[in-house]
Amino acid sequence: MSTTVSASTDHGCLLVADISGYTSYLMGSELDHAQDVLGDLMETVVRALEATFRVSKLEGDAAFAYAVVDRIDASMLLDTIDACYFTFRARLRDVDRATSCDCNACVLIPHLDLKVIVHHGAFARRKVAGSEELTGRDVILVHRLLKNSVSETFGVRGYALLTDACVDAMGIDPEPLGYRRHVERYDDLGTVSGYVGDLEERWLAEQERRRVYVTPADAAFEVTSGVFTAPPEVVWEFLTVPERRALWGADRVDQVAGGARRGVGTTNHCIHGKDVIVEHLLDWRPFRYYTVGYTFPLLGDWYWTLELEPVDEGTRVHVRPVAYSGRRAVLIRLFRRKVERDFAAAFERLGAVLDRELATV
């Protein structure tokens with residue numbers, strides 16, 4: 001009996017998301033209940049990763065994933081890491097609150113956390129008996145980095161460790177974003193340096209951050225797209241990444257303020273022929289919604305929330321401009337038809353671009 005083996009070599013982003021503290025949790029817990037908790041949390045992590053990354057395999061209490069890409073969009077990667085961690089922590093909180101069980105497997109749930117290791121490098125993808133396996137030095141390296149001194153050095157449990165190779169592929173300086181320099185040394189791999197971000201700190205800040213969100217009740221009106229046959233993370237990328245937006249929504253989008261990472265405080269110039277539309281990001285909740293503000297002649301400041309709704313077939317987008325009273329309400333009624341017409345045309349173009357993109361995957 002023979003086994004068919006085929007291989008291809010690629011460059012890309014390699015990521016391992018590991019539930020930290022699980023070994024001691026398992027040793028002190030009832031096995032069957034602990035395994036149920038692990039399965040629930042791993043499913044949460046995989047769902048958060050799989051639209052942006054391809055999950056290669058589950059490795060006990062870790063998920064190994066990759067994306068074939070030479071250049072990493074920094075905001076998409078960092079937002080994916082945050083979204084994965086925030087979803088994990090929210091699920092951890094909800095499971096802890098929902099249970100009235102006093103077994104060790106439930107009592108010790110708050111002791112679990114998540115660490116994310118990200119590297120960029122070369123790897124071979126092998127097809128062995130119908131299954132895919134990644135091999136190569138960089139695959140070994142990203143897994144070896146799971147054993148590190150980050151917690152001892154910085155006193156953190158939930159964190160992201162980005163290697164220099166990953167940072168170089170993003171083309172950013174991570175220190176202004178709160179990432180701190182770190183070095184690990186291994187007998188067989190030598191010195192591996194990178195940057196550490198405190199994800200628990202970001203989670204706590206996320207709970208306190210002010211929301212600027214237009215609900216249906218607050219909206220002057222609502223424009224809803226048809227269903228895009230792509231998951232929210234992919235639609236988000238095409239709605240927010242300047243190069244992607246230029247494929248369907250503007251001649252060019254220039255980020256002129258806000259630093260290397262998109263989010264609250266980012267200012268964009270959207271170029272449409274001779275017209276320049278200035279937009280300011282007021283709220284940013286990947287991959288659920290964002291709120292953007294504009295300044296219009298006569299009307300003044302006006303802000304809209306764009307919300308992504310997951311549906312069975314893909315994603316639907318809702319655009320809700322905030323309602324005003326008085327004179328501005330009259331002006332908004334005059335704007336409404338044009339806004340609805342423009343978004344209908346833009347969504348049609350976006351749908352066509354997404355269909356072409358997904359056809360090549």
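Just so it is clear, the model here is predicted, and its values are computed rather than measured. (Residues numbered from 1 in each chain as written. Predicted model: local features only at pLDDT ≥ 70, side-chain atom pairs only at ≥ 80, totals over all residues. Heavy atoms only, no water.)

(A) Inspection of the overall build of the chain at higher detail. Helix and strand counts for the chain come out as 11 helices and 15 strands. Whereas a compact globule of 361 residues would reach a radius of gyration of roughly 21 Å, the chain reaches 23 Å, a difference of no more than 12%. Summarising the internal contacts of the chain: among those between residues at least 6 apart in sequence, 65% fall at separations of at least 24. When the accessible surface of the chain is summed, it comes to about 17700 Å², and 51% of that surface belongs to carbon and sulfur atoms. (Helix = DSSP H or I, 4+ residues; strand = E, 2+ residues; numbered from the N terminus. Rg over C-alpha atoms; globule rule 2.2 N^0.38 Å. Contact = heavy atoms within 4.5 Å. Areas by Shrake-Rupley, 256 points an atom, 1.4 Å probe, with all protein chains shown as cover.)

(B) Broad picture of the packing of aromatic side chains. Counted according to the given criterion, the structure contains 17 aromatic pairs. Between Tyr294 and Phe296, the ring centres sit 5.7 Å apart and the planes meet at 40 degrees, which makes this aromatic pair tilted. With centroids separated by 5.3 Å and ring planes inclined at 85 degrees, the aromatic side chains of Trp302 and Trp304 adopt a geometry described as edge-to-face. Here Arg328 stacks its cationic end above the ring of Tyr324, 3.7 Å away from the centre of that ring. (Phe/Tyr/Trp six-rings, centres within 6.5 Å; stacked < 30°, edge-to-face > 60°. Lys NZ or Arg CZ within 6 Å of the ring centre and 35° of its normal.)

(C) Quick look at the packing of helix 9 (residues 232–240) against helix 11 (residues 327–359). One way to put it is that helix 9 packs onto helix 11 with a least axis distance of 11 Å and a crossing angle of 125 degrees. Relative to helix 11, the element helix 9 lies oblique. Crossing of helix 9 over helix 11 shows right-handed handedness. Only Leu350, Val353, Leu354 and Glu357 of helix 11 make contact with helix 9, whose side of the interface consists of Val234, Val235, Phe238 and Leu239. Among the residues forming the contact of helix 9 with helix 11, the class breakdown is seven nonpolar, no polar and one charged. (Axes fitted to C-alpha atoms, helices over the stretch in contact; angles between N-to-C directions. Parallel < 35°, antiparallel > 145°, perpendicular 65-115°, else oblique. Left-handed = near helix turned anticlockwise from the far one by under 90°. Nonpolar A, V, L, I, M, F, W, Y, C, P; charged D, E, K, R; others polar.)

(D) The arrangement of the environment of Thr266 in detail. Relative to the elements of secondary structure, Thr266 occurs in the loop between strand 10 (252–257) and strand 11 (267–272). Excluding anything up to four places from it in sequence, Thr266 contacts Gln255, Ala257, Gly258, Arg261, Glu279, His280 and Leu281.

(E) Inspection of the sheet that holds strand 14 (residues 300–311) at higher detail. Pairing within the open sheet is antiparallel, and its seven strands lie in the order 9-15-14-13-12-11-10. Among the strands making up the open sheet, the edge pair consists of strand 9 (223–228) and strand 10. Going across the sheet, the axis of each strand differs from the next one's by a mean of 25 degrees, ignoring polarity. Pairing between strand 13 (residues 289–296) and strand 14: eight bridges, direction antiparallel. Its bridge partner being in strand 14, Thr291 is matched across the sheet by Thr305. Lying on the sheet, helix 11 is in contact with strand 9, strand 13, strand 14 and strand 15 (314–321); it crosses strand 9 at an angle near 10 degrees. (Pairing = 2+ DSSP bridges.)

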